[in-house]
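In case you want the letters, here they are:
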Amino acid sequence: MRTARLRTVHPVLWAGWAALAAGAVLCVLGWYGVSGERYAERQLPYLASCTVPGAALIVAGAMLLTHGRGALAAARVEELYGLLVAAEPTEAEESGPAVGAPLAVSGDLLMVPGGTLWHRADCPLVAGKVESIPVDAKLLASGELGPCPICEPVEETD
């Protein structure tokens, strides 16, 4: 599901790349013209007609690319936010837990390989993930993993 705004950003990116290419061609032509002239007064027309406008086109192309990529990122964030907000809550979510209470209450502790947090087994961040594994006690003791702020797991002491 792509929005119309995503499609309107692409012409800005294409214009940026075209301006960069045209500017590079003009700079090369200006350099070639200047290199063939011995006297400075004969080099000035090449600078004025090719090199300076070429540099301006390169700057304009860089600005267009920056604006186009920023607009593309903003459009993607808006699309993701729309998908997030458009999700209808289920009956279980409507009755939901009390405000301030942790979302998960299971005693089993899990982590995702390469992750930095440990979670309860029913935490929404790891629930249903095939790659989640039980927490290694050595990692907990070393302090490499931190508790999840959503499910607020408590470290089991034996």
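The preceding data block contains the structure.
Worth saying up front: this structure is predicted, and the values here are computed from it rather than measured.

Peer 1: I tried to follow the side chain of His-119 on my own but got confused; where do I start?
Peer 2: Tracing the backbone shows His-119 in strand β2 (residues 117-120). Here His-119 falls in the buried class, since its relative accessible area comes to 6%. With near-sequence residues (within four places) excluded, His-119 lies in contact with Asp-108, Leu-109, Leu-110, Leu-125, Val-126, Cys-148, Cys-151 and Pro-153.

Peer 1: Could you clarify how one ought to interpret the nonpolar core in this entry?
Peer 2: Nonpolar side chains in soluble globular proteins tend to end up buried together. Residues Leu-109, Met-111, Trp-118, Val-135, Leu-140 and Leu-145 constitute the largest nonpolar core, which totals six residues. Filtering out sequence-adjacent residues up to four positions away, Val-135 remains in contact with Leu-109, Leu-110, Met-111, Trp-118, Leu-140 and Leu-145.

Peer 1: Honestly, the sheet that holds strand β3 (residues 133-134) in this entry has me stumped. Any pointers?
Peer 2: Strands pair in a sheet through their backbones, by hydrogen bonds, and they do so in one of two ways: parallel or antiparallel. Across the sheet, which stays open at both edges, the four strands sit in the order β3-β1-β2-β4 with mixed pairing between neighbours. Looking at the sheet topology across the chains shown, the edges are occupied by β3 and β4 (146-147). Bridge count between strand β1 (residues 109-111) and β2: three bridges; the pairing is antiparallel. Of the residues in β2, the one forming a bridge with Leu-109 is Arg-120.

Peer 1: Would you mind going over helix α2 (residues 40-86) with me for this structure?
Peer 2: One turn of an α-helix holds 3.6 residues; hence residues three or four places apart share an orientation. For α2, with 47 residues, the first-to-last C-alpha span of 66 Å sits near the 69 Å given by 1.5 Å per residue. Of all bends in α2, the biggest is about 45°, found at Leu-47. Of all the residues in α2, the buried ones are Cys-50, Gly-54, Gly-61, Leu-65, Gly-68, Ala-71, Leu-72, Ala-75 and Glu-79.

Definitions and cut-offs
- Residues numbered from 1 in each chain as written.
- Predicted model: local features only at pLDDT ≥ 70, side-chain atom pairs only at ≥ 80, totals over all residues.
- Heavy atoms only, no water.
- Helix = DSSP H or I, 4+ residues; strand = E, 2+ residues; numbered from the N terminus.
- Buried < 20%, exposed > 50% of the residue type's maximum accessible area, 1.4 Å probe, protein only.
- Contact = heavy atoms within 4.5 Å.
- Core = buried A, V, L, I, M, F, W, Y, C linked by side-chain atoms within 4.5 Å.
- Pairing = 2+ DSSP bridges.
- Expected span 1.5 Å × (residues − 1).
- Bend = angle between axes of the 7 residues up to and from the residue.

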